[in-house]
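# Notes for the structure review
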Amino acid sequence: MYTYKIAHDPGINTLNKNQNTIGPISLNMMEQELQLIDLDIPELGYLKFISSWLYRGSEGTFLMDPGPTCTIPILLKALDRYQVKDLDWILLTHIHQDHAGGLGDLIGKYSNAKIVCHEKGVKHLAEPSKLREGSKTILGDVSKVYGNILPVPGKKIHVLDEVPFGDGIKVITTPGHASHHQCYVFKNWFFAGELFGAHIPMKSGLYLRPATPHRFILEDYLASMAKIEKYLDPKTTVCFAHYGTANNSKHVLICARDQLKLWVKIIREHKDKKNTQELIEILLEVDPIFRRYKELDLQMQKREWHFSVNSIMGIIKYIEEKKMLCKTTNK
Ligand SMILES: [Zn+2]
């Protein structure tokens, strides 16, 4: 039987300390097929948050989400240390700047790589003016830190249901976090992007936080979760875009779906009387998975608080838009 090699210890939900690209790469790590590459941005306090997945096997190599332009030097250094001369495929979970902003820069150095993204992303990668504008408006100074977004030659970009790599990498379009979001299944790994929100590996158990910035549409999110269910089972590991892995993908899906529904319910009940800070405090009380926030270090708490506010704002806007829609259709 084939045994899958991954840079994380199977069976536990914590990270190998040596995973950081800063440290030396041990022989053991060189043998691992799937590797997480940290793309830390200390300037933003983003440590163990943005990352790429690198696969090197007998079939060839692929990279999932190259990250923003500012961390491309870290990525190149890691690829060099892992002796990756050629990348066969670069797979994108979505085209947000922290996942794909550096693609144009990377493709200049790995020009043989073929790119896979959602059909809605193709024109924006080839002509990124709208992407730049959108990122600037939504992220402000953070977008500046992420760096410029260079165009990608359109002929390199492919829209596929299955990537012809090994026995095939299944591509599943999963709108929700973004309309141009997709997930990938390869061997016993499920590359979730942000379908299950953000994850932080913790010793005490699963930590998840919904990633629902504006424009969040609950129905799309739930439909995507239903769509991927048949690909998941207890033996499949989730590889998150943010961050790390969790075993038992089926269990993770159930937790993420319950959490999303809970957040929408709680925010719907309280949004008119409570401010965002109070909403987060209620969520910390009622959501046992989000409650592990209290065990995070201060820097991670600050980051998670910021993104929780974004997610809550996305949910509030969704609820209000839905109310408006009901009012106009009832007239
Ligand atoms: Zn995103």
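Data block above holds the structure.
Being a predicted model, the structure only gives us computed values, none of them experimental.

## Here we look at the overall build of the protein
Secondary structure assignment for the protein yields 11 helices and 14 strands. Each of the 331 residues in the protein was classed as buried or not, and the buried ones make up 42%. The contacts of the protein with a sequence gap of at least 6 include a subset with a gap of at least 24, amounting to 68%.

## Structural notes on the sheet that holds strand β7 (residues 162–163)
Strands sit in the order β7-β8-β9-β10-β13-β14 across an open sheet of 6 strands; the sheet is mixed. Looking at the sheet topology across the chains shown, the edges are occupied by β7 and β14 (245–246).

## Comments concerning the pairing of strand β13 (residues 237–240)
Burial along β13 is two-sided: Thr 237 and Cys 239 facing one way and Val 238 and Phe 240 facing the other are all buried. The pairing of strand β10 (residues 189–193) with β13 spans 4 bridges and is classified as parallel. In the sheet register, Phe 190 faces β13, and the bridge partner there is Val 238. As paired strands, β13 and β14 are joined by 2 bridges and run antiparallel to one another. Its bridge partner lying in β14, Val 238 is registered against Ala 246. Counting the residues that bridge the hairpin from β13 to β14 gives 4 residues, and of these Gly 244 lies at a positive phi of roughly 80°.

## With respect to the environment of Met 300
Assignment of secondary structure puts Met 300 in helix α11 (residues 298–330). Look at Met 300 and you get partly exposed, because 18 C-beta atoms sit within 10 Å. Met 300 sits 255 residues away from Gly 45 along the chain, and the two C-alpha atoms are 7.9 Å apart.

## Some points on the sheet that holds strand β4 (residues 89–91)
As summarised here, the arrangement of the 6 strands in space is β1-β2-β3-β4-β5-β6, forming an open sheet in which the pairing is mixed. What marks the edges here is a single partner per strand, and that holds for β1 (34–38) and β6 (157–158).

## Some points on helix α9 (residues 249–270)
If you check α9, its first and last C-alpha atoms are 31 Å apart, about what 22 residues at 1.5 Å a residue would give, namely 32 Å. For α9, the full list of buried residues reads Ser 249, Val 252, Leu 253, Ala 256, Gln 259, Leu 260, Trp 263, Val 264 and Ile 267. The arc that holds the buried residues of α9, viewed along the axis, is 135°, so those residues lie on one side. Away from its buried face, by an angle of more than 90 degrees, α9 presents the exposed residues Lys 265 and Glu 269.

## Quick look at the nonpolar core
Counting residues in each nonpolar core, the largest one holds 75 residues, and the members touching the most others are Ile 115, Phe 190, Phe 191, Ala 192 and Phe 196. Top element by residues in this core is α9. It accounts for 7 residues. When near neighbours in sequence (up to four residues on either side) are disregarded, Phe 196 contacts Leu 208, Val 238, Phe 240, Val 252, Leu 253 and Ala 256.

Reading guide: rules and limits
- Residues numbered from 1 in each chain as written.
- Predicted model: local features only at pLDDT ≥ 70, side-chain atom pairs only at ≥ 80, totals over all residues.
- Helix = DSSP H or I, 4+ residues; strand = E, 2+ residues; numbered from the N terminus.
- Buried ≥ 20, exposed ≤ 12 C-beta atoms within 10 Å, placed from the backbone.
- Contact = placed C-beta atoms within 7 Å.
- Pairing = 2+ DSSP bridges.
- Expected span 1.5 Å × (residues − 1).
- Arc of directions from axis to C-beta.
- Core = buried A, V, L, I, M, F, W, Y, C linked by C-beta atoms within 7 Å.

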